[in-house]
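These are the residues of each chain, in order.
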Amino acid sequence: MVQVAKKDTAGKATGNVEVPAPAALTANDYAIVARSIERQRANARQPWAHTKTRAEVSGGGKKPWRQKGTGRARAGSSRSPLWRHGGVTWGPRNTRVWSKGLNKKERQRAIRVAIQDHALRGSMVLLDGLAIAKPRTKDAAAVLASLGLTGKILVVVDNPTPETAEAHDAIVKSFRNLDRVTVLPAARINAMLLVGHNHMVCTTGAWDAIQSTWFKQA
């Protein structure tokens, strides 16, 4: 277990929370995180580049010249890849599938390891009592300033419900205009975002959701 500081919006410590984590992470742990990020990037890749083969290029239905007797090399179509305006051999195709797979337990472990890494490095803070009445970037900046955090910051907030939708919207709109700050609900965390930020700020409600989802089998 690792002790993670719990603070209020003024930066005052209100206690500690135990995060299930080993004394140190192994190379295999980080390898799983790397595979998870590689899978996420591959699945987001869009094969826009597309070339036509000789079967798809228009024209070329007639044999350019007779087979023998002209002294020239044999040619069956003017759309051969050897010809100008011909088809492309081994060019990029938009039918290529870049997606990669990773089993469910490895995906779960990758997120656990990424969170545990923040806890072990002391770059994770639990925020108690985050409430913003109406969207205001200045209020969100004041909260982060009171925590004394610099660099890229990932702010994880409670999952919205019909009753808390308005309050959730105010918090998200307040944080999203800040430079180098990413805000999202607990249900949308992933290994790439966790690794790509220097600090993780998590509300107590979001931490309860994360714990029940990703640490229930840890």
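What counts, and where the lines are drawn
Residues numbered from 1 in each chain as written. Predicted model: local features only at pLDDT ≥ 70, side-chain atom pairs only at ≥ 80, totals over all residues. Heavy atoms only, no water. pLDDT = per-residue confidence, 0-100. Helix = DSSP H or I, 4+ residues; strand = E, 2+ residues; numbered from the N terminus. Buried < 20%, exposed > 50% of the residue type's maximum accessible area, 1.4 Å probe, protein only. Pairing = 2+ DSSP bridges. Axes fitted to C-alpha atoms, helices over the stretch in contact; angles between N-to-C directions. Contact = heavy atoms within 4.5 Å. Core = buried A, V, L, I, M, F, W, Y, C linked by side-chain atoms within 4.5 Å.

**With respect to the confidence of the model for the chain**
Per-residue pLDDT for the chain has a mean of 91; in total, 99% of the residues score no lower than 70. By mean pLDDT, the top-scoring element of the chain is helix H5 (residues 191-195) (95), and the lowest-scoring one is strand E2 (residues 13-19) (86).

**A look at the pairing of strand E3 (residues 124-128)**
Taken across its five residues, E3 has four buried, putting it largely inside the fold. The sheet contact formed by strand E1 (residues 2-8) and E3 spans three bridges and is parallel. Opposite Asp-8, over in E3, you have Asp-128 as the bridge partner. Pairing analysis gives four bridges linking E3 to strand E6 (residues 199-203), with the strands arranged parallel. In the sheet register, Leu-126 faces E6, and the bridge partner there is Cys-202.

**Describing the sheet that holds strand E4 (residues 153-157)**
Ordered by their spatial adjacency, six strands build an open sheet running E2-E1-E3-E6-E4-E5, and the pairing between neighbours is mixed. A single partner strand is all that each edge strand has here, and the edge strands are E2 and strand E5 (181-185). With strand direction ignored, the average angle separating the axes of adjacent strands in the sheet is 25°. Strand contacts of helix H4 (residues 165-175): E4 and E5, with the helix running at about 165° to E5, the strand carrying the most contacts.

**So, the side chain of Ser-123**
Mapped onto the fold, Ser-123 is located in the loop between helix H2 (104-121) and E3. Residue Ser-123 is classed as buried on the basis of its relative accessible area of 4%. The residues touching Ser-123, leaving out its near neighbours within four places in the chain, are His-118, Asn-198, His-199 and Met-200.

**Brief notes about the nonpolar core**
Soluble globular proteins: nonpolar side chains tend toward being buried together. Ile-115, Met-124, Val-156, Met-200, Cys-202, Trp-207 and Ile-210 are the most contacted members of the largest nonpolar core, which has 25 residues in total. Breaking this core down by element, the ones donating at least two residues are E1, E2, H2, E3, E4, E6 and helix H6 (204-214). A per-element tally of this core places H6 first, with five residues. Discounting chain neighbours no more than four positions away, the residues touching Met-124 are Val-4, Val-19, Ile-115, His-118, Ala-119, Met-200 and Trp-207. Listed in part, the 19 residues of the second largest apolar core include Val-125, Ile-132, Val-157 and Phe-175.

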